[in-house]
Amino acid sequence: MSKKINIAVVGVGGFGLHHVKAISENPNANLVAVCDIDEEAAKKCCEEYGVAYTTNFDDILNNKEISAISIALPDQIHCEYVKKALRAGKDVLCEKPLALRLDECKEMISVAKETGKYLMVGQICRFTPGFVMAKKIIDEGQIGELFFVESEYAHDYSNMTCEWRKNDPERDGFLGGACHAVDLLRWIAGNPSEVFAYANHKVLKDWPSNDCTISIMKFPNDVIGKVFCSTGCKRDYTMRTVLYGTNGTIIVDNTNPYLTLYKENLYLEKGCHDVGVQIPVEVSNHNIKDEINEFVNCIIEKREPILTPQEGAATVSICLATIQSAKEHRAVEVDYNF
């Protein structure tokens, strides 16, 4: 039996709690400690899970028992903490987006290479059951050749209390939120070479960046793509995604218990109405369990994670090109030089 991986979670005041739970339930991992500058949050987590806690990141870095760190901190400080963790000899899982700037992504990639430690980025859509099923159907050729793909990140941030999301103009909602939809589409259709975007700012007027963006993307093999992002829309959270192929269509959402599949042969049999087949899928729109499982397994198996820092950087680069396009009102080529 493989030796269990000793992991600490840094940042447990919010989404990091999902990391804590998933690690504590993973049969190949030990949750050793948690860290947060908010001592009450760290102490509460410590009491619930029976692990050590600290408010000092150096305590985690200097703990020889800890071999891996899950970082669920504000986007603005990912680069600083990831580099320190890697240089301390820890394998690292970093929440999305990898960073807010491409130069920071490049620094993190360089340090991961320099230290030989694993760095994985937490792009959770790669583990969402409905999206995993959709990709499987496409890879099997069931809907033919893709010609148009679209996804959306619709989420109302109006009552969000995280000041780090709101107050930094560098943290655009498209990069912070729609990186989910961008990463999903590039996982399915490849890396777009060029984007053209429009954006406006009509809802979250006290936030420093646009709250609505539409990005049109030029994918390989002449596939067209679109990502819609709204962080102020008045509706339930959704990442509704539609994938169009020459022989069929998939409609899938990370919040629905089924995927709808339309196939050409069904039209021939039934005509043009009510021919979609609903395929049941598990609703797990933030499947941290499988994400942690991949992180732990890549360490045990001594292999690169499926979400390398280069994968994370590619998603960041597409998002930054979109933001630039919306500002400059022109098409922007995506930089993949990292």
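Residues numbered from 1 in each chain as written. Predicted model: local features only at pLDDT ≥ 70, side-chain atom pairs only at ≥ 80, totals over all residues. Heavy atoms only, no water.

A. Here's a closer look at the side chain of T231. With respect to the element layout, T231 can be found in the loop between β10 (223-230) and β11 (241-245). We classify T231 as buried; its relative accessible area is 3%. Once you skip the residues sitting within four places of it in the chain, T231 turns out to touch Y153, H155, D156, Y157, S158, G173, L204 and D211. (Helix = DSSP H or I, 4+ residues; strand = E, 2+ residues; numbered from the N terminus. Buried < 20%, exposed > 50% of the residue type's maximum accessible area, 1.4 Å probe, protein only. Contact = heavy atoms within 4.5 Å.)

B. Layout of the sheet that holds strand β9 (residues 212-219). If you trace the nine strands from one edge of the open sheet to the other, you get β14-β13-β12-β11-β7-β10-β9-β8-β15, paired in mixed fashion. Each edge of the sheet is formed by a strand with only one pairing partner; in this case those strands are β14 (277-280) and β15 (332-333). Sheet topology places strand β8 (residues 194-200) next to β15; two bridges connect them, and they run antiparallel. The residue bridging V195 from the neighbouring strand is V332, located in β15. (Pairing = 2+ DSSP bridges.)

C. Local environment of a negative patch on the surface. A contiguous patch of negative charge on the surface is contributed by D38, E39, E40 and E47. Tracing the sequence through the fold places E40 in helix α2 (residues 39-49). (Patch = residues over 30% accessible without salt bridge, like charges linked within 9 Å, V, L, I, M, F, W, Y side chains within 5 Å. Areas by Shrake-Rupley, 256 points an atom, 1.4 Å probe, with all protein chains shown as cover. Salt bridge = Lys/Arg side-chain N within 4 Å of Asp/Glu carboxyl O. Lys, Arg positive; Asp, Glu negative; His and termini not counted. Charge placed at Lys NZ, Arg CZ, Asp CG, Glu CD.)

D. Structural context of the nonpolar core. Counting residues in each nonpolar core, the largest one holds 99 residues, and the members touching the most others are I69, L146, F174, L243 and I250. Residue contributions to this core peak at seven residues, all from helix α9 (residues 179-189). Residues within four places of F174 in sequence aside, it is in contact with C179, V182, T213, S215, M217, V227, C229, C319, T322 and I323. (Core = buried A, V, L, I, M, F, W, Y, C linked by side-chain atoms within 4.5 Å.)

E. Spatial organisation of the packing of aromatic side chains. By the definition in use, this model includes eight aromatic pairs. Residues Y336 and F338 carry aromatic rings whose centres are separated by 6.4 Å and whose planes lie at 70 degrees to one another, so their mutual orientation is edge-to-face. On the accessibility criterion, Y336 (25% relative accessible area) is partly exposed. (Phe/Tyr/Trp six-rings, centres within 6.5 Å; stacked < 30°, edge-to-face > 60°.)

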